[in-house]
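Coordinates in review
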Amino acid sequence: MNRRTLLATGSVVAGMVTAGVASQPSGNDRLLAAARAPSDAGEAETHTERLLPDTDHETPLYEIESPRDGPTAMVFGGVHGDERSGIAVAREVVDWRPDAGTLVVVPETNRVAVENDEREGPDGDLNRQFPAGQEPTSELARGIWDAVERREPDVVLDLHRSLGVYGLHREYVGQAVFHSPDARGDELADALDTDGVPWYLPFHRFTARETDLSSPLLFQKAARELESTAYLFETTEFLLDRETRVELTRLAAAHVLAMHGLLEVEAGGAE
Ligand SMILES: [Zn+2]
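Residues numbered from 1 in each chain as written. Predicted model: local features only at pLDDT ≥ 70, side-chain atom pairs only at ≥ 80, totals over all residues. Heavy atoms only, no water.

The name an unreviewed UniProt entry gives the protein is Deacylase-like protein, with Haloterrigena turkmenica as the organism. The annotation that UniProt attaches to the protein under Cofactor (unreviewed entry) is "Zn(2+)". (UniProt positions renumbered as here; feature names shortened; annotations may be inferred.)

Turning our eyes to something else, we now look at helix 7 (residues 218-226). Residues spaced three or four apart along an α-helix point in a common direction, a consequence of the helix completing one turn every 3.6 residues. Every buried residue of helix 7 is listed here: L218, F219, Q220, K221, A222 and A223. In this fold, the buried residues of helix 7 make contact with strand 3 (72-76), helix 5 (139-151), strand 5 (155-162), strand 6 (176-179) and strand 8 (229-236). One or two steps after helix 7, the chain reaches E227, where phi turns positive at roughly 55°. (Buried < 20%, exposed > 50% of the residue type's maximum accessible area, 1.4 Å probe, protein only. Helix = DSSP H or I, 4+ residues; strand = E, 2+ residues; numbered from the N terminus. Contact = heavy atoms within 4.5 Å.)

Scanning the entire structure with this criterion turns up 22 salt bridges. Salt bridges sharing common partners tie together D82, E83, R119, D125, R161 and E237. (Salt bridge = Lys/Arg side-chain N within 4 Å of Asp/Glu carboxyl O.)

Positionally, G81 belongs in the loop between strand 3 and helix 3 (84-93). Through-space distance from the C-alpha of G81 to that of A113 is 4.4 Å; in sequence the pair is 32 residues apart. Ignoring anything within four residues of it in the chain, the contact list for G81 reads I87, A113, V114, D117, E118 and R119.

A few words on the packing of aromatic side chains. Per the stated rule, a full pass over the model turns up three aromatic pairs. Ring plane angle 90° and centroid distance 5.4 Å describe the contact between W199 and Y200, whose orientation is recorded as edge-to-face. The ring of W145 carries K221 above its face, with NZ or CZ at 5.4 Å from the centroid. (Phe/Tyr/Trp six-rings, centres within 6.5 Å; stacked < 30°, edge-to-face > 60°. Lys NZ or Arg CZ within 6 Å of the ring centre and 35° of its normal.)

Glancing now at unusual backbone geometry. In this model, L52 sits at a positive phi of 50°, which is unusual for a non-glycine residue. Secondary-structure assignment places L52 in the loop between strand 1 (45-51) and strand 2 (59-65). At D117, a position not held by glycine, the phi torsion is positive, near 55°. Checked against the element boundaries, D117 lands in the loop between helix 4 (111-116) and helix 5.

For the rest of this paragraph, the subject is the coordination of the zinc ion. Distances from the zinc ion to its protein donors, H80 (ND1), E83 (OE), E83 (OE) and H160 (ND1), fall within 2.0 to 2.4 Å. Bound by four donor atoms, the zinc ion shows angles of 57 to 147° at the metal and therefore irregular coordination geometry. Sequence positions of the donors to the zinc ion reduce to the motif H-x2-E-x76-H. The burial state of H80 is the same as that of E83; both residues are buried. (Donors = N, O, S within 2.8 Å, 3.2 Å for Na, K, Ca; no water. Tetrahedral: all angles 85-135°; square planar, octahedral: opposite > 155°, others 65-115°.)

Turning to the pairing of strand 7 (residues 207-210), a few remarks are in order. Relative to strand 7, strand 6 runs parallel, the two sharing four bridges. Opposite H179, over in strand 7, you have E210 as the bridge partner. One crossover worth recording links strand 6 to the parallel strand 7 by way of helix 6 (residues 185-195), and it is right-handed. (Pairing = 2+ DSSP bridges. Right-handed = clockwise from strand over helix to strand, strands pointing away.)

The strand order across the open sheet built from eight strands is 1-2-4-3-5-8-6-7, with neighbouring strands paired in mixed fashion. Both edges of this open sheet fall to strand 1 and strand 7, since each of them pairs with a single strand only. When strand polarity is set aside, the average angle formed by the axes of neighbouring strands in this sheet is 20°. Bridge count between strand 6 and strand 8: four bridges; the pairing is antiparallel. Its bridge partner lying in strand 8, H179 is registered against Y231. (Axes fitted to C-alpha atoms, helices over the stretch in contact; angles between N-to-C directions.)

So, about the packing of helix 5 against helix 7. Contact geometry for helix 5 and helix 7: axes closest at 11 Å, N-to-C directions at 40°. Of the two possible hands of crossing, helix 5 and helix 7 adopt the one that is right-handed. Across the interface between the two elements, I144, W145, V148 and E149 from helix 5 touch L218, K221, A222, E225 and L226 from helix 7. Looking at the contact of helix 5 with helix 7 residue by residue, the class counts come to six nonpolar, no polar and three charged. (Left-handed = near helix turned anticlockwise from the far one by under 90°. Nonpolar A, V, L, I, M, F, W, Y, C, P; charged D, E, K, R; others polar.)

Let's shift gears to the nonpolar core. Among the nonpolar cores identified, the biggest contains 41 residues, and W96, L103, Y231 and F233 are the most heavily contacted of them. Where this core is concerned, the elements lending two or more residues are helix 2 (29-36), strand 3, helix 3, strand 4 (102-106), strand 5, helix 6, strand 8 and helix 8 (242-259). At nine residues, the largest contribution of residues to this core is made by helix 8. Beyond its immediate sequence surroundings of up to four residues, F233 is in contact with L157, D158, L159, H160, A176, V177, L192, F206, L248, T249 and A252. Of all hydrophobic cores here, the second largest spans 27 residues; its members include F76, V104, W145 and A147. (Core = buried A, V, L, I, M, F, W, Y, C linked by side-chain atoms within 4.5 Å.)

Put into structure tokens, the structure is as follows:
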């Protein structure tokens, strides 16, 4: 946020702080415009597939293919069904247009949990069902993993939200980027701090943490078994309103796609 914007919004910000809720952050218009604009290379083609067809878990997967060769990125929302900002942004990403490569999106990964607005589905926490060196431990997890394996994504981004702030609340991990060793976690955290974290919430600056890949989480399994560059993104409900959480999640998705070559953004930095 530059000084002029700050002065213009100062009174609004003060009101929001009093109310204990952050206003919508400034964003990065150039990057988001690039995500939404058709590619110079021509029309992307979108294919839709039903994962786990004819089961309670049936859920759509969208594959958006740029005419230009490039990496494959997979974006997941709704692995935890009550984490609505990730679901909302994954639904938006379905309408984004990569400049190169293939963008694969599963907006409602745990569809039963999404419909019930609950973290877990009937088989428990989906993000603990991808153990190292073994088959995933539920029908849903196997169906999701099968879709991941078939695409061998170069990049995986799993969108979540927390109830607290990393390092401030012992049991919560919000405003954090967990990532595989080869990923650009620090760069992503810096970009989110620049574009999206309100200046008056210093504890909300993003923490980047390399993950050790030993736990049964979806993004870890993709990193260790398919050598995907993998990220798990966590915004927080603590002092942030819905629009801010959605904006931070949207920015995280756009930055990951740009950092890994699916989006081309003209030089000029954040708006
Ligand atoms: Zn989660």
